[in-house]
2 protein chains.
Amino acid sequence: MPVYQAPVADTLFVLNDLLGIERHSNLAAFAETSPDIVEAVLGEAGRFAEDVFFPLNQTGDREGCHRHEDGSVTTPTGFKQAYNQFREAGWGGLSADPAYGGQGLPHTVAAAVNEYLSSANMAFAMYPGLTRGAIAALEQHGTQEQKQLYLPKMIEGIWTGTMNLTEPHCGTDLGLLRTKAAPAGDGSYRITGQKIFISAGEHDLSDNIIHLVLARIDGAPEGVKGISLFVVPKFLPDEAGAVGARNAVSCGSIEEKMGIHGNATCVMNYDGATGWLVGEADKGLRAMFTMMNEARLGVGVQGLAVSEIAYQNAVAYARERIQGRSLSGAKAPEKRADPIIVHPDIRRMLMTIRAVNEGGRALILWTALKGDLFHLSQDAKEREAADDWLGLMTPVIKGVLTDKGFDNAVMAQQVYGGHGYIAEWGMEQYVRDARIAQIYEGANGIQALDLVGRKLALNNGRAVQSFFAEVGAFCEAHRADERLSPFTKGLKKGLNDLQAATLWLMGNAMGKPDNAGAASTDYMHLFGLVALGYMWARMAKVAAEKLGDGSATDPAFLEAKLVTARFFMDRLMPETAAHLARISSGSTSMMALDAAVF
Amino acid sequence: MPVYQAPVADTLFVLNDLLGIERHSNLAAFAETSPDIVEAVLGEAGRFAEDVFFPLNQTGDREGCHRHEDGSVTTPTGFKQAYNQFREAGWGGLSADPAYGGQGLPHTVAAAVNEYLSSANMAFAMYPGLTRGAIAALEQHGTQEQKQLYLPKMIEGIWTGTMNLTEPHCGTDLGLLRTKAAPAGDGSYRITGQKIFISAGEHDLSDNIIHLVLARIDGAPEGVKGISLFVVPKFLPDEAGAVGARNAVSCGSIEEKMGIHGNATCVMNYDGATGWLVGEADKGLRAMFTMMNEARLGVGVQGLAVSEIAYQNAVAYARERIQGRSLSGAKAPEKRADPIIVHPDIRRMLMTIRAVNEGGRALILWTALKGDLFHLSQDAKEREAADDWLGLMTPVIKGVLTDKGFDNAVMAQQVYGGHGYIAEWGMEQYVRDARIAQIYEGANGIQALDLVGRKLALNNGRAVQSFFAEVGAFCEAHRADERLSPFTKGLKKGLNDLQAATLWLMGNAMGKPDNAGAASTDYMHLFGLVALGYMWARMAKVAAEKLGDGSATDPAFLEAKLVTARFFMDRLMPETAAHLARISSGSTSMMALDAAVF
């Protein structure tokens, strides 16, 4: 019964009208990003998501993955066939390096495609999603040999990848990890230990599974400075690179979890498995963060993606379900009641979700473009600015868009009333699926600490000062423009609160780090509102200009942008003041109770 | 693995120190509410919840209820035996009328007991919970005969009850309901139609199930003015009141739902079932609201209850799980890492939940006491004031405590990191269970409309003006008291925002009702914060006094009250300003989009 249609028109508005990605066509990846080509790619990706991934979303949730006695795991009915279609269509290599068989399109375009795939079937989209993270780590830290051996097959999708970090006693604090790596004398290592929560750890979709595993080489220092990254294939490739002997790594069990049942979350046992070092010994955390940052942006995309499909279904229901009459007089007098979309409180929920989704889509693609520029630009200043933006926005996108994505899924479910609680309508699955995005790849509290404790201070605050300057300049430039002043006014107010919070942190957190920890989650959300508000103000500018100069081909779409931008400023931006008030209340009452008193 | 311990000490603090219920001992129900007796009752209830209900919470969730081919339904393993223990111990009749076999204790005490039972096993506690609602409706609207026939067995618990309102096409808008009642000529009616979402509609716990059913008598007016309430027993009682012939009512299916799997949510088919009118013909909504108001407070209790058990488990985990080091230096240097309760962001979550729970418990019991006074007081003014408070606070308690209860369950789950997403830890069940409380008995958006559209204006705003006067007077009386000024200051700020929002509504919603609808949810939450803040300020006063005059037997408990009150003012109360800003932004941007554009 659920519906899904990829929001191609909105993506195109962001890529073409807001970002104007074609102006980067001097960079190889952007050579073929004319509006026509991008529209064709996105249209095809959208149809693929709708036709192939989406029909398996509810069935995959119900059936789940199954582990058999021999340790093998089968994915839900239909997944294998759909994965083959995905692989054959080449979607896995969309933005991968052409040197290894990729199509070499910008990551910006791939991020849009990932949104569609994750909306249509988040649990399924994780299989190729984790592969992309592993590809990124090998591309940047692997030896030439490793790249030649693994990348072509992973990009083609006949091999998939995983990330193995967490152990039963250690998640956030990787310094505690115990998995061992013993040199075998031939350049390889024997990996021994147990990893948990390994998404796509074992399954039947690919011929081989390439595990990237954090472990401690015998004699390495304690803590995070003694951790190395290893590549541990399920089947050891033979000399020709074909699948060879089974390695000593196996799935011990599948976790029973709240959602994403279509993805196999495995306990992985390494019993002297053969692995090879990736990057330098004891520098595994650095390599791991390559995967992690990629993955964190991908998780932010999941937050948006689930929010988007939940929104689309809530809208469809709100248009069809009749119940009560509009407070301002019957809107469908020919029916026994009005469709519930006439009721302000239903609108409140739909508009809130819409404002976060469209703003979030812009922020993700804006940030993905920075990622491409960081990798490709010939201009050192541009690369530096892009890197600054990426560092700042990665925790914001991960933390804020997944928190809001979950809240939005809950709101969309609420639109359905009692039916929202019933499995067949599909809404409760979105809530269960969206929930994990707040937790994995660094729980959102960790994202907030990364922002406040690390990213703010980097390079003497260069990144955050640039952001303030950019947003402030935009507000100033359009302050007198009466079409835009409603937006710049709201944005400026939010920016002022964010700057005040930043100043408060500078004055109060250096000497008392608990004040930083106590402020962190509020600060991250305050930052997110300003970042989203900036996107909205810029989208309003584009919409107003296109409406003003008569170049609009779809004026209703642009008018809706202006309304939604206004709603964002009316209803979401006011939260910045509450965040500031909480932040500047400090940590005293938060930290005063003895642990025993709770 | 989950834990639960009934918070008896906190309940006693509210009942004895905050409310001083013993001072009402002139009223029959309060004759036996000395601190000793109340402590004994609550202690026993707590142990019963812990020992009998709680062990079946996770198993009941996993196993769920099953419908068999003959339409019978079995509850999860152990439920029937536990229900028998519940019945034999007399917990179902705790506050019921002694004339029909009840124990006649105040509803205030019963509300506390319900919290414990709902924490321990929400899905299970609903079986007796719905019975209490049906008892209330029959007590107030049934004939003497009906009372004699049904009440003793329902109070004893050998018969249970249900509420049958919703139909597939009609939930909120009961005017659309289609179930028919045809007079049989002998004073009874033949009821025909389908009801959905009927909690405890069919099960194996009791000898008979007494359905209270809304239906339309042949020829009755359309809309809500043609609805009547009927009592429709599963088995027709014979002349001696014993279970007789099977009535033509049956469970067509059990809904597959997100949570509360231990409760059978049934589609109920009425195929010419025999029923009898309860109360006057066509006045069924009024009788239904008796059940409904009772039920709405009960649902608010569920919000608190799930939040409380989620809190207790999150605290236990945060004390045990070691990960990372305190920002202010190692707290457990003998271990490889500190327990995560040292981290401010973990504290933020725990303290937030704690502040809502303890404030919510006070607000529920304060309101339950008003309910008892409304029924029992000899003083007309006191009854009027109690009724005003009840009318105002019923939607606030239902809407706010269930929204916050859900948010809290989500936060408690977040404390567990990845383990929170795994079923065996139990946290994800609390999230799934808590979710329904925001939806049923009138979705929270409906609570908000009830508050803004109905309760505010009743009797020219008498209730809300009394509330403002009471809270304002408290702030004024303690403004100069330096022990209390931190609390009265925060409360006064919240009250000012609430009054400003109320004035805004008076000025802007009369002529434009969409402004009321657009404001409603924010207004309800703003109201809730002030109501909770009032509870916190009053609790702080009690704690400060007891600490000051040396009468404290547990000073750590009272100091914690002061800290938590301060946290409430620091971290929760600032949200009132954001609510006010959103409310006064009006409905323009919310309502501007054409339904087709979404």
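Since the model is a prediction, treat every value here as computed from it, not as a measurement.

Novice: Looking at this structure, I do not really get the overall build of chain A. What am I missing?
Specialist: Across its full length, chain A carries 18 helices and eleven strands. Overall, the C-alpha framework of chain A stretches about 75 × 60 × 60 Å when taken along its three principal axes. Across the 598 residues that make up chain A, the buried fraction comes to 65%. By sequence separation, contacts in chain A at least 24 residues apart represent 73% of the contacts at least 6 residues apart. As presented, chain A carries roughly 20500 Å² of accessible surface, and 52% of it is formed by carbon and sulfur atoms. Separation between the mean location of the 54 positive side-chain charges and that of the 68 negative ones in chain A comes to 5 Å.

Novice: Which parts of the structure should I look at to understand the interface of chain A and chain B?
Specialist: A common way to state how big an interface is: give the accessible area lost once the parts meet. Taken together, the contact between chain A and chain B spans 89 residues of the former and 89 residues of the latter. Of the roughly 7900 Å² buried between chain A and chain B, counting both surfaces, carbon and sulfur atoms make up 58%. When residues of chain A are sorted by the area they lose upon contact with chain B, Tyr421(A), Arg571(A) and Phe598(A) head the list and together hold 12% of the total. Between the two partners, chain A and chain B, sit four salt bridges. Close ionic contact of Arg571(A) with Asp522(B) constitutes a salt bridge, the shortest N to O distance being 3.3 Å. If you look at where chain A meets chain B, you find 54 residue pairs in polar contact (both at pLDDT 80 or more). In terms of residue class, the side of chain A that touches chain B is built from 43 nonpolar, 23 polar and 23 charged.

Novice: Before we go on, may I ask you to explain a nonpolar patch on the surface in this structure?
Specialist: A surface patch of nonpolar side chains, amounting to about 380 Å² of accessible area, comprises Leu503(A), Met506(A) and Met510(A). Mapping Met510(A) onto the fold places it in the loop between helix H14 (485-508) and helix H15 (513-548).

Novice: Explain the layout of surface pockets to me, please; I cannot follow it from the model alone.
Specialist: Where empty space is left becomes clear once a probe the size of a water molecule has been rolled over the atoms. Of the volumes computed, that of the second largest pocket is approximately 940 Å³. Forming the walls of the second largest pocket are 34 residues, and the residues nearest its centre are His261(A), Glu256(B), Lys257(B), His261(B) and Arg432(B). Counting only elements with at least two residues in the lining of the second largest pocket, the list comes to helix H3 (57-63) and helix H11 (427-437) of chain A together with helix H3 (57-63) and helix H11 (427-437) of chain B. Looking at which element gives the most residues to the lining of the second largest pocket, the answer is H3(A), with four residues. The residue makeup of the lining of the second largest pocket, split by class, is eight nonpolar, ten polar and 16 charged.

Novice: What is the right way to look at the pattern of salt bridges in this model?
Specialist: Two side chains of opposite charge can pair, provided their charged atoms sit close to one another. On inspection of all chains with the given rule, the structure shows 58 salt bridges over all chains. Two residues, Lys283(B) and Glu280(B), come together in a salt bridge whose shortest N-O distance is 3.7 Å. Among the ionic contacts, a cluster of salt bridges with common partners joins Asp522(A), Arg571(A), Glu575(A), Arg582(A), Asp522(B), Arg571(B), Glu575(B) and Arg582(B).

Novice: Would you mind going over helix H7 (residues 144-156) of chain A with me for this structure?
Specialist: Residue and element names in this part refer to chain A. Given a rise of 1.5 Å per residue, 13 residues ought to cover 18 Å, and the 18 Å separating the end C-alpha atoms of H7 matches this to within 8%. The sharpest bend along H7 reaches about 35° and sits at Tyr150, with the proline Pro152 one to four residues further on. Every buried residue belonging to H7 is among Gln146, Lys147, Tyr150, Leu151, Met154 and Ile155, and all of these are buried. Buried positions along H7 lie against helix H6 (122-141), strand S3 (159-164), strand S6 (208-217), strand S7 (228-233), strand S8 (235-237) and strand S11 (265-278).

Novice: Looking at this model, I keep getting lost on the packing of helix H1 (residues 8-18) of chain B against helix H2 (residues 35-53) of chain B. Mind explaining?
Specialist: Each pair of packed helices can be described by the angle between their axes along with the distance between the axes. All names here are of chain B. Contact geometry of H1 with H2 gives a least axis separation of 10 Å together with a crossing angle of 145°. Judged by the sense of rotation from one axis to the other, the crossing of H1 with H2 is right-handed. Seen from H1, the contacting residues are Val8, Thr11, Leu12, Leu15 and Asn16; seen from H2, they are Pro35, Val38, Glu39, Leu42 and Gly43. Taken together, the residues of the contact of H1 with H2 sort by class into six nonpolar, three polar and one charged.

Novice: Looking at this structure, I do not really get the environment of Ile322(B). What am I missing?
Specialist: Residue and element names in this part refer to chain B. If you trace the backbone, Ile322 turns up in the loop between helix H8 (284-320) and helix H9 (344-376). A relative accessible area of 23% places Ile322 in the partly exposed class. With 14 residues separating them along the chain, Ile322 and Arg336 place their C-alpha atoms 7.7 Å apart.

Novice: Even after reading the chapter, I still don't get unusual backbone geometry, so can you show me in this structure?
Specialist: If a residue is not glycine, its phi is most likely negative; likewise, a peptide bond is most likely trans. Residues and elements named next belong to chain B. In this structure, Phe197 is a non-glycine residue whose phi angle is positive, near 60°. The phi torsion at Ile260 lies on the positive side, around 35°, for a residue other than glycine. Relative to the elements of secondary structure, Ile260 occurs in the loop between strand S10 (249-254) and strand S11 (265-278).

Novice: Looking at this structure, I do not really get the relation of the copies chain A and chain B. What am I missing?
Specialist: Note that the two copies of the chain are related through a rotation about an axis and a translation along the same axis. Superposing chain A onto chain B requires a rotation of 180° together with a translation of 0.0 Å along the rotation axis, leaving an RMSD of 0.0 Å. Taken together, these values place the two copies in the relation of a two-fold axis. Among all residues of chain A, the one whose C-alpha sits closest to the rotation axis is Ala578(A), at a distance of 3.1 Å. Same-surface contact between copies: 100% of interface residues of chain A are shared with the interface of chain B.

Novice: Any chance you could explain the confidence of the model for chain A here in plain terms?
Specialist: Detailed reading of predicted coordinates is not advised where the pLDDT is low. Here chain A shows a mean pLDDT of 97. Residues at 70 or above account for 100%. Two summary scores accompany this predicted model of the complex, namely pTM at 0.98 and ipTM at 0.98.

Novice: Help me understand the side chain of Thr265(B), please; the structure alone is not making it clear to me.
Specialist: All names here are of chain B. Locating Thr265 in the fold gives a position in strand S11. Among the residues examined, Thr265 registers a relative accessible area of 6% and is labelled buried. Among the polar contacts listed, one links the side chain of Thr265 to the side chain of Lys257, at a separation of 2.9 Å. Once you skip the residues sitting within four places of it in the chain, Thr265 turns out to touch Phe197, Ile198, Ser199, Ser253, Ile254, Glu255 and Lys257.

Novice: Sorry, what's going on with the pairing of strand S7 (residues 228-233) of chain B here?
Specialist: Sheet faces and side chains relate simply in a regular strand, where the side chains alternate between the two faces. Residues and elements named next belong to chain B. The element S7 is extensively covered by neighbouring structure, given that six of its six residues are classed as buried. Burial along S7 is two-sided: the face carrying Ser228, Phe230 and Val232 and the face carrying Leu229, Val231 and Pro233 are both buried. Note: strand S6 (residues 208-217) against S7, six bridges, orientation antiparallel. Residue Leu212 lies in a different strand from S7, and its bridge partner there is Val231. Bridging between S7 and S11 involves three bridges; their strand directions are antiparallel. Among the inter-strand pairings, Val231 is bridged to a residue of S11, identified as Trp276.

Novice: Sorry if this is basic, but what is going on with the nonpolar core here?
Specialist: Generally speaking, nonpolar side chains in soluble globular proteins are found buried as a group. Core analysis: the largest hydrophobic core is formed by 417 residues, its most contacted members being Phe467(A), Tyr523(A), Phe467(B) and Tyr523(B). Apart from residues no more than four positions distant in its own chain, Tyr523(A) is found in contact with Leu451(A), Val452(A), Leu456(A), Val464(A), Phe468(A), Leu498(A), Ala501(A), Thr502(A), Leu505(A) and Ile583(A).

Novice: What am I meant to see in the packing of aromatic side chains here?
Specialist: If you walk through the whole model with that rule in mind, you get 47 aromatic pairs over all chains. Residues Tyr4(B) and Phe54(B) carry aromatic rings whose centres are separated by 6.2 Å and whose planes lie at 50° to one another, so their mutual orientation is tilted. Here Phe54(B) lies in the loop between H2 and H3 and Tyr4(B) lies in the segment before H1, a separation of 50 residues in the sequence. Judged by its relative accessible area of 8%, Tyr4(B) falls in the buried class. Look at Phe54(B) and you get buried, because its relative accessible area is 16%. Taken together, the ring pairs connect Phe48(A), Phe53(A), Phe79(A), Tyr83(A), Phe86(A), Trp91(A), Phe124(A) and Tyr127(A) into an aromatic cluster. A cation over a ring is seen here: Arg354(A) above Phe598(B), with NZ or CZ 5.8 Å from the ring centre.

Novice: Any chance you could explain helix H17 (residues 575-583) of chain B here in plain terms?
Specialist: Because each turn of an α-helix spans 3.6 residues, side chains separated by three or four positions end up pointing in the same direction. Burial runs high along H17(B): seven of the nine residues are buried. Along H17(B), the residues classified as buried are Glu575(B), Thr576(B), Ala578(B), His579(B), Leu580(B), Arg582(B) and Ile583(B). Of the surrounding secondary structure, the elements contacted by the buried residues of H17(B) are helix H16 (555-572) and helix H17 (575-583) of chain A together with helix H14 (485-508), helix H15 (513-548) and helix H16 (555-572) of chain B.

Novice: What am I meant to see in the side chain of Thr160(B) here?
Specialist: All names here are of chain B. Structurally, the position occupied by Thr160 is in strand S3 (residues 159-164). Its relative accessible area of 1% is what places Thr160 among the buried residues. A polar contact is formed between the side chain of Thr160 and the side chain of Ser206, at a distance of 2.9 Å.

Novice: Any chance you could explain the packing of helix H2 (residues 35-53) of chain A against helix H4 (residues 79-89) of chain A here in plain terms?
Specialist: All names here are of chain A. Remark: H2 packs on H4, axes separated minimally by 11 Å, with the N-to-C direction vectors making an angle of 165°. Judged by the inter-axis angle, H2 sits roughly antiparallel to H4. Taken as a pair, H2 and H4 cross one another with a handedness that is right-handed. Along the contact surface, H2 presents Phe48, Val52 and Phe53, while H4 presents Ala82, Gln85 and Phe86. Taken together, the residues of the contact of H2 with H4 break down into five nonpolar, one polar and no charged.

Novice: Quick question: what am I supposed to make of the environment of Gly275(B) here?
Specialist: On the secondary structure map, Gly275(B) appears in strand S11. Along the chain, Gly275(B) and Leu369(B) lie 94 residues apart, while their C-alpha atoms are 35 Å from each other.

The rules behind each value
Residues numbered from 1 in each chain as written. Chains lettered and ligands numbered in written order. Predicted model: local features only at pLDDT ≥ 70, side-chain atom pairs only at ≥ 80, totals over all residues. Heavy atoms only, no water. Helix = DSSP H or I, 4+ residues; strand = E, 2+ residues; numbered from the N terminus. Buried < 20%, exposed > 50% of the residue type's maximum accessible area, 1.4 Å probe, protein only. Contact = heavy atoms within 4.5 Å. Areas by Shrake-Rupley, 256 points an atom, 1.4 Å probe, with all protein chains shown as cover. Lys, Arg positive; Asp, Glu negative; His and termini not counted. Charge placed at Lys NZ, Arg CZ, Asp CG, Glu CD. Buried area = accessible area lost by both parts, 1.4 Å probe. Salt bridge = Lys/Arg side-chain N within 4 Å of Asp/Glu carboxyl O. Polar contact = N/O pair within 3.5 Å; in protein donor to acceptor, adjacent residues only side chain to side chain. Nonpolar A, V, L, I, M, F, W, Y, C, P; charged D, E, K, R; others polar. Patch = residues over 30% accessible without salt bridge, like charges linked within 9 Å, V, L, I, M, F, W, Y side chains within 5 Å. 1 Å grid on protein atoms, 1.4 Å probe; cavity = no way out; pocket = protein on both sides within 12 Å on 5 of 7 lines; lining within 4 Å. Points joined across faces, edges and corners; volume = space filled by probe spheres on them. Expected span 1.5 Å × (residues − 1). Bend = angle between axes of the 7 residues up to and from the residue. Axes fitted to C-alpha atoms, helices over the stretch in contact; angles between N-to-C directions. Left-handed = near helix turned anticlockwise from the far one by under 90°. Least-squares fit on C-alpha atoms with pLDDT ≥ 70 in both. pLDDT = per-residue confidence, 0-100. Pairing = 2+ DSSP bridges. Core = buried A, V, L, I, M, F, W, Y, C linked by side-chain atoms within 4.5 Å. Phe/Tyr/Trp six-rings, centres within 6.5 Å; stacked < 30°, edge-to-face > 60°. Lys NZ or Arg CZ within 6 Å of the ring centre and 35° of its normal. Parallel < 35°, antiparallel > 145°, perpendicular 65-115°, else oblique.

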